[in-house]
Amino acid sequence: MRRTGGWRAARRGASHVASAVLLPLLAGCAGGRVARVSPADIPQLEAQLTQAPNNATLRSRYAAALFAADRCDDATAEARRVQSTLPADAVAALVIGQCQERREEFEGALTSYRAYLAAYPNARGAAAIRARELLVFRAHSTRQARLALQNEAQLAQQPGDPNTIAVLPLEIAGDSSYQSLSRGLAQILTSDLGLIQRFRLVERLQLGTLLDELQLAQGGRVDVSTAARVGRLMQAGRLVQGLAAIPPEGDVRLEATVVLPTGEVTSPETVTGRF
């Protein structure tokens, strides 16, 4: 689904994915039994709501059934009514967010999910919302990477923010069994640089999706011109690339350089020590 089908291909299976996410959250009253909902339940739920219009739990199930029927406008309206009385209801938050996803409003969906998690990090259903947030962030990052590639000529004319830094996966040399550390070491560098508040760090997933689009996802040191290109596409004023030389025995050598949008590369900084 990388280049053919895109996001709309994902939408074709959205109802099945939604059921997998929503149904475990819809617990019935009898012994925690899962009360499944589907478009076929809509008439019955509407009849029940006529008798109990203030039953927020029932309305939450109704919103989920409307979502399963691909009636996102109605589902969102009902979910927001639920939130007015049960703001911690995870099903309502998922309905709203996933409807935004279907409209490819990824930033809006991220805002919805993150607002819920900030307010109710330990609520029942928070794990499902956290999983959706990650999926949406990946989709959003992929779209942003493709837009950057489409607009590369314009971005090349814009200077990158000198306080925005992207850290490439490190090249692992020596013992190949440590290759999986490539991204992990880059994440450690990113986290440490993030402690300096004046810097804005490009998130690992955002950089990773761009590397995927450039077919550089396997990591390893890229040439200077490619590194500068990545920096321009991310509008990062500085791009860090590094090397971890890990021999079977003896000291490990870590090396880092900074690549500027002009292609200029700083002198390498090196440290050695025990692994």
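Check the entry above for the structure.
The present account deals with the structure reproduced in this document. Computed from a predicted model, the values in this text were never measured in an experiment. (Residues numbered from 1 in each chain as written. Predicted model: local features only at pLDDT ≥ 70, side-chain atom pairs only at ≥ 80, totals over all residues. Heavy atoms only, no water.)

## Looking at the nonpolar core
Logical step 1: With 20 residues, the main nonpolar core has Tyr 62, Phe 67, Ala 75, Ala 79, Val 95 and Cys 99 as its most contacted residues.
Logical step 2: Elements with a minimum of two residues in this core: α3 (42–51), α4 (56–68), α5 (72–85) and α6 (90–102).
Logical step 3: The biggest single contributor to this core is α4, with seven residues.
Logical step 4: Once residues lying within four places of it in the same chain are set aside, the contact partners of Ala 75 are Ala 63, Leu 66, Phe 67, Val 95 and Cys 99.
Logical step 5: Listed in part, the 18 residues of the second largest apolar core include Leu 168, Val 202, Val 230 and Ala 236. (Core = buried A, V, L, I, M, F, W, Y, C linked by side-chain atoms within 4.5 Å. Buried < 20%, exposed > 50% of the residue type's maximum accessible area, 1.4 Å probe, protein only. Helix = DSSP H or I, 4+ residues; strand = E, 2+ residues; numbered from the N terminus. Contact = heavy atoms within 4.5 Å.)

## Some remarks on the environment of Glu 133
Logical step 1: The topology assignment puts Glu 133 in helix α8 (residues 126–150).
Logical step 2: Sequence separation between Glu 133 and Tyr 113 is 20 residues; the distance between their C-alpha atoms is 6.1 Å.

## A short note on the pattern of salt bridges
Logical step 1: This model, assessed by the stated rule, comprises eleven salt bridges.
Logical step 2: The residue Asp 70 makes a salt bridge to Arg 102 at a minimum N-O spacing of 2.5 Å. On the criterion of sequence distance, the pair formed by Asp 70 in the loop between α4 and α5 and Arg 102 in helix α6 is long-range, its members being 32 residues apart.
Logical step 3: A relative accessible area of 6% places Arg 102 in the buried class.
Logical step 4: As a salt-bridge pair, Arg 114 and Glu 133 come within 2.8 Å of each other at their nearest N and O atoms. Of the two residues, Arg 114 is situated in helix α7 (residues 106–119) and Glu 133 in helix α8; the sequence distance between them amounts to 19 residues. (Salt bridge = Lys/Arg side-chain N within 4 Å of Asp/Glu carboxyl O.)

## Some words on the packing of α4 against α5
Logical step 1: For the pair α4 and α5, interaxial distance at closest approach is 8 Å and the crossing angle is 160°. Looking at the two axes, α4 sits roughly antiparallel to α5. The handedness of the crossing between α4 and α5 comes out as left-handed. Every residue of α5 that contacts α4 at Ala 56, Arg 59, Ser 60, Tyr 62, Ala 63, Leu 66 and Phe 67 is listed here: Cys 72, Asp 74, Ala 75, Glu 78, Ala 79, Arg 81, Val 82 and Thr 85.
Logical step 2: Broken down by class, the residue content of the contact of α4 with α5 amounts to nine nonpolar, two polar and four charged. (Axes fitted to C-alpha atoms, helices over the stretch in contact; angles between N-to-C directions. Parallel < 35°, antiparallel > 145°, perpendicular 65-115°, else oblique. Left-handed = near helix turned anticlockwise from the far one by under 90°. Nonpolar A, V, L, I, M, F, W, Y, C, P; charged D, E, K, R; others polar.)

## Focus on the packing of α5 against α6
Logical step 1: Two numbers describe how α5 lies on α6: the axes approach to 8 Å, and their chain directions differ by 150°. With respect to their mutual orientation, α5 and α6 come out roughly antiparallel. As α5 packs across α6, the resulting crossing turns out to be left-handed. Residues Cys 72, Ala 75, Thr 76, Ala 79, Arg 80, Val 82 and Gln 83 of α5 pack against Ala 92, Ala 93, Val 95, Ile 96, Cys 99 and Arg 102 of α6.
Logical step 2: Partitioning the contact of α5 with α6 into residue classes produces nine nonpolar, two polar and two charged.

Interpretation note: all reported values are geometric properties and have no functional meaning in isolation.
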